[in-house]
Amino acid sequence: MSWAILPRHFEPFEFACRCGCGSQSVSAALVLRLDAVREILGRRIFVTSGRRCAKHNATPAVGGSENSRHLIGCAADVRPDYGASLTDLAACLALFFSTPGDEFIVYKDRGFVHVAVSRALVRPLWNGGKIEYI
Ligand SMILES: [Zn+2]
Ligand SMILES: [Zn+2]
């Protein structure tokens, strides 16, 4: 059985590396989980950091670790919609990012949540359009 699904709430540019290098492909599993959370909450979710190239990840402002999953498109930092609760967003994300191999870290003071899927779920990568599973 094969199927295809189109993420409803995200566009590829939202996950683009903030240095402007053009790198923006991320794990389809990551996007679909975030899409589900977005659907359940009924509020926007802003990606503050998605895919990162090695150069951008290493900048002091980012301070990403050498083996950050942002480097391979398996991680995203997200914040709630304006006026929406970080706690509600975190609670919903926890449901989708608590299987073994996932990452789920709430940065309460900085107002965002870091989530990541297992490296094993890096493919298929998503760069817009339907995600097809064969
Ligand atoms: Zn970059
Ligand atoms: Zn992160």
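Owing to the predicted nature of the structure, the values given are computational and were not obtained by experimental measurement.

A. Region of the structure containing the coordination of the zinc ion (ligand 2). The zinc ion (ligand 2) binds to the protein through His70 (NE2), Asp77 (OD) and His114 (ND1); the donor distances cover 2.0 Å. Donor residues binding the zinc ion (ligand 2) come from one chain and are separated in sequence as H-x6-D-x36-H. Placement of the pair is histidine 70 in the loop between helix 2 (54-57) and strand 4 (75-80) and histidine 114 in strand 6 (residues 112-116), with a sequence separation of 44 residues. This pair shows no difference in class: histidine 70 is buried, exactly as histidine 114 is.

B. Representation of the coordination of the zinc ion (ligand 1). Distances from the zinc ion (ligand 1) to its protein donors, Cys17 (SG), Cys19 (SG), Cys21 (SG) and Cys53 (SG), fall at 2.3 to 2.4 Å. Mapped onto the polypeptide sequence, the residues donating to the zinc ion (ligand 1) form the spacing pattern C-x1-C-x1-C-x31-C. Within this pair, whereas cysteine 21 is found in the loop between strand 1 (3-5) and strand 2 (26-27), its partner cysteine 53 is found in the loop between strand 3 (45-49) and helix 2, the two being separated by 32 residues in sequence. A relative accessible area of 42% means that cysteine 21 is categorised as partly exposed.

Analysis parameters
Residues numbered from 1 in each chain as written. Chains lettered and ligands numbered in written order. Predicted model: local features only at pLDDT ≥ 70, side-chain atom pairs only at ≥ 80, totals over all residues. Heavy atoms only, no water. Donors = N, O, S within 2.8 Å, 3.2 Å for Na, K, Ca; no water. Helix = DSSP H or I, 4+ residues; strand = E, 2+ residues; numbered from the N terminus. Buried < 20%, exposed > 50% of the residue type's maximum accessible area, 1.4 Å probe, protein only.

In short, shape yes, function no, at least from these values alone.
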